[in-house]
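# Structure assessment
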Amino acid sequence: MKSSSAAAAPRAGADDRSPRKSIRRQLPSSPWLFAAPGLLIVGIFILYPFVSTLINSFTDKRTLIPGEYVGLDNFRELLHDDMFWIGLRNSTLYIVGVVPALVLLPLLLAMLVQKHIPGITFFRSAFYTPVVASIVVVGLIWVWMLDERGLVNAVLEAVGVGSVGFLSDQWLLLLSAMTVTVWKGLGYYMIIYLAALANVPRELHEAASVDGAGSVRRFFTVTVPAVRSTMVLVAALSSVAAFKVFSEVYLMAGPNGGPAGEDTTLVMLVQRVGTGLTGRVGYASAISVVVFVVTVALMLLVLRADRKEDA
């Protein structure tokens with residue numbers, strides 16, 4: 001009996017160790033199997049287009065012509081292209097007009113809707129509705145409202161102001177597109193600020209109130225420092241989105257970029273130059289590379305400014 005039990009013990013120990021060995025053999029490869037679908041999607045839809053665009057920027061490739069290597073000729077041509085400078089100007093102005101509004105207004109809106117008052121749930125949903133709405137639908141609605149015979153001009157004429165060319169004047173059209181961008185982005189950044197405000201201790205506001213600080217002073221001395229990192233995040237995200245704006249301006253200004261193309265942005269110029277049967281893919285790729293470099297520089301500037309404030 002002892003010999004049989006002693007013989008059974010090693011076999012049991014061997015059986016206990018064998019699954020562990022098999023599991024250890026699977027560990028090095030199993031994470032890659034789980035990550036493979038995501039890596040494949042990133043490679044096909046992000047890495048390959050990026051590398052392809054970078055290579056094409058140094059060629060004279062067209063839609064139906066492979067093209068040849070031309071070095072920096074496309075980038076030299078950019079320096080003498082008036083439409084490129086117009087697009088760069090409009091994209092830069094878009095950052096100046098949109099980013100400050102999207103950093104401050106959603107914060108004020110978040111402070112308003114975080115209060116527990118009757119009916120606040122309705123307003124939270126109403127403020128977030130533009131975020132989930134299609135940009136095409138939103139753009140068409142605003143075009144209808146700002147048209148010469150639209151709702152806004154009808155109201156202005158009714159009060160004696162007269163018709164305003166929101167969609168025919170170069171600067172008013174760009175300002176109108178900025179307004180649409182801010183209106184549509186308020187709810188999205190409001191949610192980000194709500195998450196940040198939920199982590200602000202109430203004791204800080206109570207202590208400031210005891211010291212005699214009013215609402216405005218508490219906003220600048222308590223709320224803003226507490227959510228400063230979130231403000232930096234919102235500034236970075238909105239800067240990149242504003243510089244790469246396309247849909248709002250395209251829908252309101254048309255494919256030609258408004259009067260004489262003066263409202264064309266860089267992304268609109270990429271779409272106009274690089275599409276069609278005779279599209280200059282190489283030149284459009286060069287513009288895309290410039291857009292990429294500027295967006296990366298914007299993010300680095302925002303992060304560097306945040307580090308300086310921390311120091």
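As a convention, each chain's residues are numbered from 1 in the sequence order in which they are written. Per-residue local features are limited, in this predicted model, to residues with pLDDT of at least 70; the limit for side-chain atom pairs, both in listing and counting, is 80 or more; totals at the level of whole chains, interfaces and linings are taken over all residues. To get the side-chain values, take all heavy atoms of the structure and skip hydrogens and water.

### A closer look at the overall build of the protein
- Counting its secondary structure elements, the protein contains 14 helices and 0 strands.
- For helices the rule is a DSSP run of H or I covering at least 4 residues; for strands it is a run of E covering at least 2, with both sets numbered from the N terminus onward. Reading the secondary structure of the protein in the N-to-C direction produces α-α-α-α-α-α-α-α-α-α-α-α-α-α.
- Here the term buried applies to any residue with accessible area under 20% of the maximum for its type, exposed to any over 50%, and partly exposed to those in between, with areas from a 1.4 Å probe on protein chains only. Out of the 311 residues belonging to the protein, those deemed buried represent 33%.
- The contacts in the protein between residues at least 6 apart in sequence include a share of 68% that link residues at least 24 apart.
- Put simply, the protein shows about 19,000 Å² of open surface, and 68% of that area lies on carbon and sulfur atoms. Should any heavy atoms of two residues lie within 4.5 Å, those residues are counted as being in contact. To be clear on the numbers: accessible area is Shrake-Rupley with a 1.4 Å probe, and residue cover counts the displayed protein chains and nothing else.

### Focus on the packing of aromatic side chains
- Each Phe, Tyr or Trp ring (for Trp, its six-membered ring) is paired with any other whose centre lies within 6.5 Å, and the angle between the two planes then decides the class: stacked below 30 degrees, edge-to-face above 60, tilted in between. For the structure shown, the criterion picks out 9 aromatic pairs.
- Ring geometry for Phe-84 versus Trp-85: centroids 5.3 Å apart, planes at 70°, classification edge-to-face.
- With relative accessibility at 5%, the residue Phe-84 sits in the buried group.
- Overall, the relative accessible area of 41% leaves Trp-85 in the partly exposed class.

### Details of the packing of helix H6 (residues 135-146) against helix H8 (residues 170-197)
- Interaxial angle, 0 to 180 degrees, is taken between N-to-C directions of lines fitted to C-alpha atoms, where a helix line uses only the stretch in contact. At a minimum axis separation of 11 Å, H6 and H8 run at an interaxial angle of 135°. With respect to their mutual orientation, H6 and H8 come out oblique. Pair H6 / H8 crosses with right-handed handedness. Of the residues in H8, those in contact with Ile-135, Val-138, Trp-142 and Leu-146 of H6 are Ser-176, Thr-179, Val-180, Trp-183 and Lys-184.
- A class-by-class count of the residues in the contact of H6 with H8 yields 6 nonpolar, 2 polar and 1 charged. Should an angle fall under 35 degrees it is called roughly parallel, over 145 degrees roughly antiparallel, and 65 to 115 degrees roughly perpendicular, with every other angle called oblique. Less than a right angle of anticlockwise turn of the near helix away from the far helix marks a crossing as left-handed, whereas a clockwise turn marks it as right-handed. Side-chain classes follow a simple rule in which Ala, Val, Leu, Ile, Met, Phe, Trp, Tyr, Cys and Pro form the nonpolar group, Asp, Glu, Lys and Arg form the charged group, and the remainder, Gly included, forms the polar group.

### Description of the layout of surface pockets
- Here a cavity denotes grid points, spaced 1 Å and computed from the protein atoms alone, that fit a 1.4 Å probe unable to get out, and a pocket denotes an open set having protein on both sides within 12 Å along at least 5 of 7 lines; residues with an atom within 4 Å of a point are the lining. Grid points are joined across faces, edges and corners, and a volume is the space filled by probe spheres set on the points. Estimates place the volume of the largest pocket at around 520 Å³.
- Looking at the largest pocket, it is lined by 17 residues, and the ones nearest its centre are Met-111, Gln-114, Lys-115, Arg-202 and His-205.
- Of all the secondary-structure elements, those providing two or more residues to the lining of the largest pocket are H8, helix H9 (202-210) and helix H10 (215-226).
- Tallying contributions element by element places H10 first for the lining of the largest pocket, with 4 residues.
- Among the residues forming the lining of the largest pocket, the class breakdown is 7 nonpolar, 5 polar and 5 charged.

### Some thoughts on H6
- Here the expected span of a helix is defined as 1.5 Å times the quantity of residues minus one. Given a rise of 1.5 Å per residue, 12 residues ought to cover 16 Å, and the 16 Å separating the end C-alpha atoms of H6 matches this to within 8%.
- Every buried residue belonging to H6 is among Val-138, Gly-139, Trp-142 and Leu-146, and all of these are buried. Considered in projection along H6, the buried side chains sweep an arc of 95° and stay on one side of the axis. Opposite the packed face of H6, turned more than 90 degrees from it, sit the exposed residues Leu-140 and Trp-144.
- On its buried face, H6 sits against helix H7 (151-158), H8 and helix H12 (247-253). The arc in question is the one traced by the directions running from the helix axis out to the C-beta atoms.

### Observations concerning the confidence of the model for the protein
- A residue's pLDDT is the predictor's confidence in that residue, given on a scale from 0 to 100. Here the protein shows a mean pLDDT of 86. Residues at 70 or above account for 89%.
- Mean pLDDT values for the elements of the protein range from 50 in helix H1 (residues 2-26) up to 95 in helix H3 (residues 73-79).

### Quick notes on the environment of Val-281
- Summarising the element assignment, Val-281 is placed in helix H14 (residues 281-310).
- Counting along the chain gives 216 residues from Val-281 to Ile-65, while the straight-line C-alpha distance between them is 9.4 Å.
- Look past the residues within four positions of Val-281 in its chain and what remains in contact with it is Asn-56, Lys-61, Arg-62, Thr-63 and Gly-274.

### Details of the environment of Ile-86
- By the secondary structure assignment, Ile-86 is in helix H4 (residues 82-113).
- On the basis of relative accessible area, Ile-86 is assigned to the buried category, the value being 13%.
- Considering only alpha carbons, one finds Ile-86 and Leu-266, 180 residues apart in sequence, at a separation of 8.2 Å.
- Apart from the residues lying within four places of it in its own chain, the contact partners of Ile-86 are Gly-261, Glu-262 and Thr-264.

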